[in-house]
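# A structural walkthrough
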Amino acid sequence: MKNRDYDLFVIGAGSGGVRAARIAAGFGARVAVAEDRYMGGTCVNVGCVPKKLYVYASEFGKSFKDAANFGWNSQSPHFEWATLRDNKKAEISRLNAIYENLLAGVKADVIKGRARIIDAHTVAVGEQQFVAEKILIATGGWPHIPKFPGSELAISSNEVFDLAQFPKRLAIVGGGYIAVEFAGIFNGLGAQVTQLYRGSLFLRGFDADIRAHAAKEIAKTGVDLRFGANVQSITSRLGGLQVLLTDGVTIEVDAVLYATGRRANLEGLGLDSVNVKISDDGNIEIDDKYCTSEPSIFALGDVTGGIELTPVALAEGMSFARRQFGGLQDAVDYDFIPTAVFCQPNIGTVGLTEDAARARFGKLRVFKSVFKPMKHTLSGRDEQTFMKLIVDSASDRVVGAHMMGPDAGEIMQGIAIALRAGATKAVFDTTIGIHPTAAEELVTMRDVWRED
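Now for a description of the structure that goes with this document. Please read these numbers as outputs of a predicted model, since none were measured by experiment.

For Ser-58, the position within the fold is in helix H3 (residues 48-67). C-alpha of Ser-58 to C-alpha of Ile-111: the two residues are 53 residues apart in sequence and 37 Å apart in space. Apart from the residues within four sequence positions on either side, Ser-58 is in contact with Gly-184, Ile-185, Gly-188, Leu-189 and Gln-344.

Shown next, in the form of structure tokens:
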């Protein structure tokens, strides 16, 4: 194209958009990035990063209690919400600046404001218009709160990190990892937490045994789990909120957090002016090279409804830029993507669930182990670690690994490498364990729990 302002115009400065912009600029492309909210997107500002900081904070209360049987005398520790909240804000501001500097370092232009697509090659931000050879949509997702009487009184994960007052009584609606993580966070910080989920068991999509073990362990921590429960209405009352459930029960709380899903953040993008197809569930449809039905417009990350994980968006951003500006055929492999749920204790998982593995391979050998973590033999905490390996009987390959216990996410990163490399159960069995660790259990499981 002649007379273009940019080779690539990226809409959204989250993980995927910034990675794509940086790599494209590194190949010599002229790049602009438009962002109307905050640098770093959901992960940095209202997702992974602040969530993990709050998880750390929530674990101290239990650790103070654990310390007693190790000989430490903790003198009446107490929690200050404002200190955590404000220190988190300072850290996020630091990260925002880092993201902006990363783009400045590759001479990509950062344009503040909501971008609107005018046509297949033109983007407007405010009164300015820019012409680009390629446009990349990487605007991520946005929390969705369904409409019902009093729904305007509920908050989402966008607001929960920065509440003016700590909610001593909190209702959390949802059964996905966001709901489960916030239940653990606020329970650990001292709130009375009630988690409501309309299904029979939360964490849909995870291995059935992990889901069952999680329900048991999380209930032990004091979270009031109510399955088969949903909200009918929320009413403001003096000193709090009254939540009427569909079974007629009412509960009194200080706040209601809705974590019932996210939708593609497409509002105001002007997609009706171009030939970009949207799926029935509201996501942008793309091909295997992230191209939409409009040849010059691309999309990646959560806005496409794929695997909604920050590292996946980063990989997609890298792949897109290498293909479009580096001449490389660099496809993302979506098999054996590990993930973690930072509930308490943590969940780490990679590969197939038992049900999915059975559907794909037929005959399996399944190994599991349940044990008390060594630390809690002295602390006295009632907590059990769960581990599970799923093996394809025909090839002996380990095709699924699932864990709930301390440091599960850290442990599962290494296991993911082994599974991607095609490690068999025989390889696991001949690997020397690190003693004493929980991780060594993964290379010492010999007794078949289930075989068919």
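In this description, an aromatic ring pair is defined by two values, namely the gap between the centres and the angle between the planes. This structure, assessed with the given rule, holds 16 aromatic pairs. Between the aromatic rings of Phe-9 and Phe-130, the centroid separation amounts to 5.7 Å while the plane-to-plane angle is 35 degrees, which identifies the pairing as tilted. Note that Phe-9 is positioned in strand S1 (residues 6-11) and Phe-130 in strand S6 (residues 128-137), a separation of 121 residues in sequence. Just as Phe-9 is buried, Phe-130 falls in that class too. Ring geometry for Phe-79 against Phe-166: centres 5.7 Å apart, planes inclined by 70 degrees, an arrangement best described as edge-to-face. Linking Phe-79 in the loop between H3 and helix H4 (81-105) with Phe-166 in the loop between strand S7 (141-143) and strand S8 (169-173), this pair joins segments that are 87 residues apart in sequence. A cation sits over an aromatic face here: Arg-450 above Trp-449, 4.2 Å from the ring centre.

Under the definition given, this model contains 28 salt bridges. Linking Asp-452 and Arg-358 is a salt bridge whose minimum nitrogen-to-oxygen distance equals 2.1 Å. On the criterion of sequence distance, the pair formed by Asp-452 in the segment after strand S22 (450-451) and Arg-358 in helix H8 (residues 354-361) is long-range, its members being 94 residues apart. With a relative accessible area of 25%, Arg-358 lands in the partly exposed category. Notably, a salt bridge pairs Asp-429 with Arg-446, separated by 3.2 Å at the nearest N-O pair. Here the residue Asp-429 occupies a position in helix H11 (residues 425-430), and Arg-446 occupies one in the loop between H11 and S22, the gap between them amounting to 17 residues. Since its relative accessible area comes to 45%, Arg-446 is described here as partly exposed. One continuous salt-bridge network, built from bridges that share partners, spans Asp-207, Asp-209, Glu-354, Arg-358, Lys-388, Arg-450 and Asp-452.

Read across the sheet, 4 strands follow the order S10-S9-S8-S14 without closing on themselves; strand pairing throughout is parallel. Looking along the sheet, the strands with just one partner apiece sit at the ends: strand S10 (224-227) and strand S14 (255-258). Neighbour to neighbour, the strand axes of the sheet diverge by 20 degrees on average, direction disregarded. Packed on one face of the sheet, helix H5 (residues 177-189) meets S8, strand S9 (192-197) and S14 and runs near 165 degrees to S9.

Another point: the packing of H3 against H5. Two elements in contact, H3 and H5, have axes separated by 7 Å at closest approach and are oriented at 40 degrees. On the basis of the axis angle, H3 is oblique to H5. The hand of the H3/H5 crossing is left-handed. Packed against H3, whose contacting residues are Lys-51, Tyr-54, Val-55, Ala-57, Ser-58 and Lys-62, the element H5 presents Glu-181, Gly-184, Ile-185, Asn-187, Gly-188 and Leu-189 at the interface. By residue class, the composition of the contact of H3 with H5 is 5 nonpolar, 4 polar and 3 charged.

If you look at the biggest cluster of nonpolar residues, it comprises 44 residues, and the most contacted ones within it are Val-160, Ile-172, Phe-182, Phe-186, Phe-202, Ile-218 and Ile-347. With 7 residues, the top contributor of residues to this core is H5. Dropping the residues within four chain positions of it, Ile-347 is found in contact with Leu-203, Phe-206, Ile-210, Ala-214, Thr-339, Ala-340, Val-341, Met-403, Met-404 and Ala-408. The next biggest cluster of nonpolar side chains, apart from the first, holds 27 residues, and it includes Leu-8, Ala-13, Met-39 and Ala-321.

A word on the state of the cysteines. Tallied over the full model, the rule gives 0 disulfides. Left unpaired, Cys-343 is separated from the closest cysteine sulfur, that of Cys-48, by 15 Å. A relative accessible area of 1% means that Cys-343 is categorised as buried.

If you walk across this open sheet you meet the 6 strands as S17-S18-S21-S20-S19-S22, and the pairing is antiparallel. Pairing within the sheet leaves two strands with one partner each, and these edge strands are strand S17 (339-341) and S22. In the sheet, S17 pairs with strand S18 (residues 347-351) via 3 bridges, with the strands oriented antiparallel. Counted as the bridge partner of Thr-339 is Thr-349 from S18. Sheet strands in contact with H8 are strand S19 (364-371), strand S20 (385-392), strand S21 (398-404) and S22, and its direction is about 165 degrees off that of S19.

Parameters at a glance
Residues numbered from 1 in each chain as written. Predicted model: local features only at pLDDT ≥ 70, side-chain atom pairs only at ≥ 80, totals over all residues. Heavy atoms only, no water. Helix = DSSP H or I, 4+ residues; strand = E, 2+ residues; numbered from the N terminus. Contact = heavy atoms within 4.5 Å. Phe/Tyr/Trp six-rings, centres within 6.5 Å; stacked < 30°, edge-to-face > 60°. Buried < 20%, exposed > 50% of the residue type's maximum accessible area, 1.4 Å probe, protein only. Lys NZ or Arg CZ within 6 Å of the ring centre and 35° of its normal. Salt bridge = Lys/Arg side-chain N within 4 Å of Asp/Glu carboxyl O. Pairing = 2+ DSSP bridges. Axes fitted to C-alpha atoms, helices over the stretch in contact; angles between N-to-C directions. Parallel < 35°, antiparallel > 145°, perpendicular 65-115°, else oblique. Left-handed = near helix turned anticlockwise from the far one by under 90°. Nonpolar A, V, L, I, M, F, W, Y, C, P; charged D, E, K, R; others polar. Core = buried A, V, L, I, M, F, W, Y, C linked by side-chain atoms within 4.5 Å. Disulfide = S-S within 2.5 Å.

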